[in-house]
Number of protein chains: 2
Amino acid sequence: MLTGELPLNSKAPTKFDYSNEPIRSSELIVQKDLPFNAEPPLKSLIQHYITPTELFFKRNHGPIPLIDGSTYVFKVDGLVEKPIVVDLHSLKTKFQKHEVAAVIQCAGNRRDGLANVKKVKGVIWGPGTVGNAVWGGARLSDVLKEAGVPMGLASQLHVAFEAYGDSEEDTCYGSSIPLEMAINPSNDVLLAYEMNGCELTRDHGFPCRVVVPGVIGARSVKYLSRITIQSEESQSFYQKMDYKVLPPYVDEHNADEWWDKMAALQEMIIQSVICEPCSGQVLPPGPVTIRGYALCGGGKGVDRVDVSLDNGLTWLPTDRYQAATRNKHYAWCLWKTTVDSIPDNCKIICRAFDTCGNTQPEFPIWNFRGVMNNSWFVVENVRQQSNTKL
Amino acid sequence: MLTGELPLNSKAPTKFDYSNEPIRSSELIVQKDLPFNAEPPLKSLIQHYITPTELFFKRNHGPIPLIDGSTYVFKVDGLVEKPIVVDLHSLKTKFQKHEVAAVIQCAGNRRDGLANVKKVKGVIWGPGTVGNAVWGGARLSDVLKEAGVPMGLASQLHVAFEAYGDSEEDTCYGSSIPLEMAINPSNDVLLAYEMNGCELTRDHGFPCRVVVPGVIGARSVKYLSRITIQSEESQSFYQKMDYKVLPPYVDEHNADEWWDKMAALQEMIIQSVICEPCSGQVLPPGPVTIRGYALCGGGKGVDRVDVSLDNGLTWLPTDRYQAATRNKHYAWCLWKTTVDSIPDNCKIICRAFDTCGNTQPEFPIWNFRGVMNNSWFVVENVRQQSNTKL
């Protein structure tokens, strides 16, 4: 089977045929129609520790492929002892099923904050391009063991993924992660066929997707068609000319000279967002509860989230919850703190620290692709109604 | 042998006997006499990619133990199949020798920047508590294999280290790292007996020390006496009540309530320092070369270092060199850029980004122990002599 070719019986649409898109929740904020890109409102997002599938952000680079699970296969090739072809049934029965609660965040989450500084390339996402789900599937490490990977060379090799279906910027969507990351079973890199206890929906990669906990969403390839062990990173557009932090002196005019100089992003960085209240909100008198999410990458934990009501002069502690599995933190952190009242005209600011001491920059740091914006999150113009009675 | 007891024939000093300290370079800036704590001047520090041993910062919590290498042993115990005792000769001959170029940075490097904000606890280090050496020794993973560790439980266990000799805050110096970090051979965690091609000096851990590349210096325990596999982190003062980033609302009055809530630091975070010119320097007219170091942790690379001459409004690129081994970056990065001239009264600022997109905060973020200061590094009051002639 050629790369990008759909499995037998799957509907092979004409290129970029958007007539078979799934139905989506009307609650989502659509940032781009075709391909479909949408995020949930922040208030809905943090109502659940495990994000309901319909509220989970949708990030696509082309039409959603219409794949027949009964004939679906992906192949494993490249620098392996024995190339294999795996169908959905054997993926489910031959390999032990593992579950991991993991947050997935698009590297472009909060791109709007950078677009406010200067024009950026990409969908202008708000701060909702993030979700925390329970993923179920086979461990990539188990599948790679079946094909036989050169373990002794693991630190020098990469696992490249390709997807079924059309994508806007390349022949198909592709991406890679270091082989060393893939073969460590405790990293819980999954070939997932379940999300939140149900079969994957088409929007989230049916019938099978990669889930790389602790890493930017771009590496968790949906509609998996092929896994290749190779000595270089994926040569896909999405690995080589996207999802990189370019320096501030690089824009559309000189970007081409810079792609090869900068690293392809992997591990997520420390992030925190205030989800309630939101800018401009008018609140009743009395105590105010400030809530939000925080996350970081690589299995590290969120060590703390601070809130400031005086422009960063002093900070308040927050209560937070972040699930852990075997000392790793792949799920997100939800946090809150209650204050007696909000001063008029104040900004509410949050910032977080990961367990290594990394924190967020105060101001947005512009980069051409608008990725990895994790500046202090600011909510403005919140007012409380007066409870003064005559 | 009891923990902390010196090997046979080693000189057992009376407690805190400082009469057998080694001779040190007079070039070092001594920050504390007893125990001896000193750092090199920045200008000397970056004259070499591999830091000469005599210029490498010295960080001690007690007198340097006087150990006889011919009778030296350390033991490996705890949750292992077979506790073992290893002497120096078998460490050198029974296990393959590995070398790794790795930067070691004290978590308190640049504590002076936080002490300027508010009183901190600890030696007031400048920005020279860092060095980049070639370490040679056995891999910890090989030694642990010999003792037999429960590999299946690796992600839930810890490797605790203890040191010979007295230490100020506990019965001996102790620290731990996650077992999972220790058993991955590509992390190159060493039981080192060589530094820069020579036997370790007493100041740097003779006869054997731990070297944990990519992690704060506090985990690279010198004068190794014992390695214990256990279900908890080290219970040592140095793991539990030190080397943690406490929140800004925590000081000497309430620190005790906070130690258990915060994570013991491991991976280093992105750091960059301007070493030339230095604040107050008067330079000749003509082009000025700005030089410094940068580093980060966990094997990640320094993706770029930017320099600003206009208070962070715009940034200039720099040339940089950072050695890599099998895709990991454990050595530091030296960088430079040349500008035509320095405007009068300007600040020279640097900031770096790691390959994940983490960067440094603009301002120092005070914490009681004064650790992990990686705010933008600023050089002030540099002037150039005028070349105007009448």
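Basis of the calculations
Numbering of residues starts from 1 in each chain and follows the order in which that chain's sequence is written. Numbering of ligands from 1 and lettering of chains from A proceed in the order in which they are written. Side-chain atom pairs in this predicted model are given and counted only at pLDDT of 80 or more, local residue features only at pLDDT of at least 70, and totals for whole chains, interfaces and linings cover all residues. Side-chain numbers come from the whole structure's heavy atoms, not from hydrogens or water. UniProt positions are given in the numbering used here, feature names are shortened, and annotations may be inferred rather than shown by experiment. Note that the domain bounds were set by an automatic or database domain assignment. In what follows, a contact means two residues having at least one pair of non-hydrogen atoms within 4.5 Å. Every case where a carboxyl oxygen of Asp or Glu lies within 4 Å of a side-chain nitrogen of Lys or Arg is listed as a salt bridge. Each polar contact in these results corresponds to two N or O atoms within 3.5 Å; when the atoms are within protein, one needs to be able to donate a hydrogen and the other to accept it, and residues that are neighboring in sequence are counted only if both atoms are side-chain atoms. Classes in brief: Ala, Val, Leu, Ile, Met, Phe, Trp, Tyr, Cys and Pro nonpolar; Asp, Glu, Lys and Arg charged; the others, Gly included, polar. The copies are overlaid by a least-squares fit using only the C-alpha atoms of residues whose pLDDT is at least 70 in both copies. Only the six-membered ring of Trp is used, alongside the rings of Phe and Tyr, when aromatic pairs are assigned; centres must lie within 6.5 Å, and planes under 30 degrees apart are stacked while those over 60 apart are edge-to-face, with the rest tilted. Working definition: helices are DSSP H or I runs of at least four residues, strands are E runs of at least two. Numbering for both runs from the N terminus. Classification of residues uses two cut-offs on accessible area relative to the type maximum, computed with a 1.4 Å probe and protein chains only: under 20% is buried, over 50% is exposed, and between them is partly exposed. For a ring to carry a charge above it, either NZ of a lysine or CZ of an arginine must fall within 6 Å of the ring centroid while also lying within 35 degrees of the normal to the ring plane.

In the annotation of an unreviewed UniProt entry, the entry for chain A reads Recombinant sulfite oxidase, and the organism field reads Basidiobolus meristosporus CBS 931.73. Recorded in UniProt under Cofactor (unreviewed entry), the annotation for chain A is "Mo-molybdopterin".

*Asks:* Honestly, the domain arrangement of chain A in this entry has me stumped. Any pointers?
*Replies:* Quite often, the size of an interface is put as the accessible area lost when its parts meet. Residues and elements named next belong to chain A. By the assigned domains, chain A splits into domain 1 (53-261) and domain 2 (271-384). On a C-alpha basis, the centroid separation for the pair domain 1 and domain 2 is 28 Å. Taken together, the contacts link 40 residues of domain 1 with 27 residues of domain 2. Linking domain 1 with domain 2 are 2 salt bridges. Arg-326 is the salt-bridge partner of Asp-188, the closest N and O atoms lying 3.0 Å from each other. Applying the counting rule to domain 1 against domain 2 returns 20 residue pairs in polar contact (both at pLDDT 80 or more). Across the side of domain 1 that touches domain 2, the residue classes break down as 20 nonpolar, 9 polar and 11 charged.

*Asks:* Just checking my understanding: could you explain the relation of the copies chain A and chain B for this structure?
*Replies:* One copy of the chain maps onto the other through a rotation about an axis followed by a shift along the same axis. Turning chain A through 180 degrees and shifting it by 0.0 Å along the axis lays it on chain B, with an RMSD of 0.0 Å. Classification of the inter-copy transformation places it as that of a two-fold axis. Judged by C-alpha distance, Pro-361 of chain A is the residue of chain A that lies nearest the rotation axis, at 2.5 Å. The fraction of interface residues of chain A whose copies in chain B are also interface residues reaches 100%, indicating that both copies meet through the same surface.

*Asks:* What's the story with the packing of aromatic side chains in this structure? I'm lost.
*Replies:* Here the distance between the centres and the angle between the planes together describe a pair of aromatic rings. Summed over all chains, the structure comprises 20 aromatic pairs over all chains. Relative to Trp-332 of chain B, the ring of Tyr-293 of chain B lies with its centre 5.5 Å away and its plane at 20 degrees, an arrangement referred to as stacked. Note that Tyr-293 of chain B is positioned in strand S15 (residues 288-295) and Trp-332 of chain B in the loop between strand S18 (319-322) and strand S19 (333-339), a separation of 39 residues in sequence. In terms of burial, Tyr-293 of chain B and Trp-332 of chain B fall into one category: buried. Taken together through their ring pairs, the aromatic side chains of Phe-56, Phe-57 and Trp-135 of chain A make up a single cluster. The ring of Phe-36 of chain A has Arg-24 of chain A lying over it, and the distance from NZ or CZ to the ring centre is 3.9 Å.

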